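A closer look at the structure
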Amino acid sequence: MIDRTGEIRSTRAPKLREDQIEILERYGQKRKTQVGDVLFRAGDTSNDFIVILQGEVQVVDDFAGEARTIGTFLAGRFLGELNMLTRQAMYLTAVVSEAGEVLAVPRGRLKEVVTEEPNLSDVILKAFLARRSYMMRTGLGLRIRPPRKAVHGSRRRSLRARR
């Protein structure tokens, strides 16, 4: 059996070429980052597509208060999930671990990139699909959470027993 782990990993986190980043600059804005800046959180529905220009960003699964680093992204890599194109909430959180600079492309403009820039579209969509596949395979971010106001079953039963 052929081991394709390296190939799959590079598909999940491809490095953009300078000419690709220049194209994306037409759709977004550069901004400086500091250590600890949260670029997006799990549950966000209006975050930007992020290209790291300088510095380092960690993607974290912070379910139930247990932060676990899933990956570290360096200059030339981009952050985002398929959810950005389907208007769903993000599954993971991105935190700056080394100060630098990012290019932030709003979700609406990302849709323009995907429809108007075929060379970039292929790279972005392949990465988004590979990331989704990885998350499904490993269970990252895909957890069923009870509604916040839901009363726990045993508590509900004990309340009924008191009446």
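The following refers to the structure shown. Per chain, residues are indexed from 1 in the order of the written sequence. In keeping with the model being predicted, local features are shown solely for residues with a pLDDT of at least 70 and side-chain atom pairs are shown and tallied solely at 80 or more, while totals for entire chains, interfaces and linings include all residues. Hydrogens and water molecules were not included; the side-chain quantities draw on all heavy atoms of the structure.

Examining the environment of isoleucine 50
Mapped onto the fold, isoleucine 50 is located in strand E3 (residues 49–61). Expressed as a C-alpha distance, the spacing of isoleucine 50 and alanine 104, which sit 54 residues apart in the sequence, is 4.8 Å. Note on definitions: a residue-residue contact is assigned when non-hydrogen atoms from the two residues lie within 4.5 Å. Discounting chain neighbours no more than four positions away, the residues touching isoleucine 50 are Arg31, Leu39, Arg77, Phe78, Leu79, Val102, Leu103 and Ala104. Each helix is a run of DSSP H or I of at least 4 residues and each strand a run of E of at least 2, with the numbering of both proceeding from the N terminus.

Examining the environment of leucine 129
The topology assignment puts leucine 129 in helix H5 (residues 118–138). Each residue is assigned to one of three classes by its accessible area relative to the maximum for its type, calculated with a 1.4 Å probe on protein chains only: buried under 20%, partly exposed between the two thresholds, exposed over 50%. Judged by its relative accessible area of 51%, leucine 129 is exposed. Along the backbone, leucine 129 and leucine 82 are 47 residues apart, and their C-alpha atoms lie at a distance of 6.7 Å.

Here's the deal with the nonpolar core
Grouped burial of nonpolar side chains is what soluble globular proteins tend to show. Within this scheme, the nonpolar core is defined by two criteria: the residues are buried Ala, Val, Leu, Ile, Met, Phe, Trp, Tyr or Cys, and they are joined through side-chain atoms within 4.5 Å. Core analysis: the biggest nonpolar cluster contains 36 residues, and Leu39, Phe49, Val51, Leu79, Leu110 and Phe128 have the highest contact counts within it. Counting only elements with at least two residues in this core, the list comes to helix H2 (18–25), strand E2 (38–40), E3, strand E5 (78–79), helix H3 (83–86), strand E6 (93–105), helix H4 (107–116) and H5. Here this core gets seven residues from one element, more than from any other, and that element is E3. Every residue in contact with leucine 39, bar those within four places of it in the chain, is listed here: Arg31, Thr33, Asn47, Ile50, Val57, Leu79, Ala94, Val96 and Val102.

Points about the pattern of salt bridges
Basic side-chain nitrogens of Lys or Arg form a salt bridge, by our definition, when they fall within 4 Å of a carboxyl oxygen of Asp or Glu. In the structure shown here, the tally under the stated rule is five salt bridges. In this structure, the salt-bridge partner of aspartate 19 is arginine 17, at a minimum N-O distance of 2.9 Å. Glutamate 112 is the salt-bridge partner of arginine 109, the closest N and O atoms lying 3.2 Å from each other. Of this pair, arginine 109 and glutamate 112 both sit in helix H4, three residues apart, which is roughly one turn of that helix. Here arginine 109 falls in the partly exposed class, since its relative accessible area comes to 30%. Note on glutamate 112: relative accessible area 29%, which makes it partly exposed.

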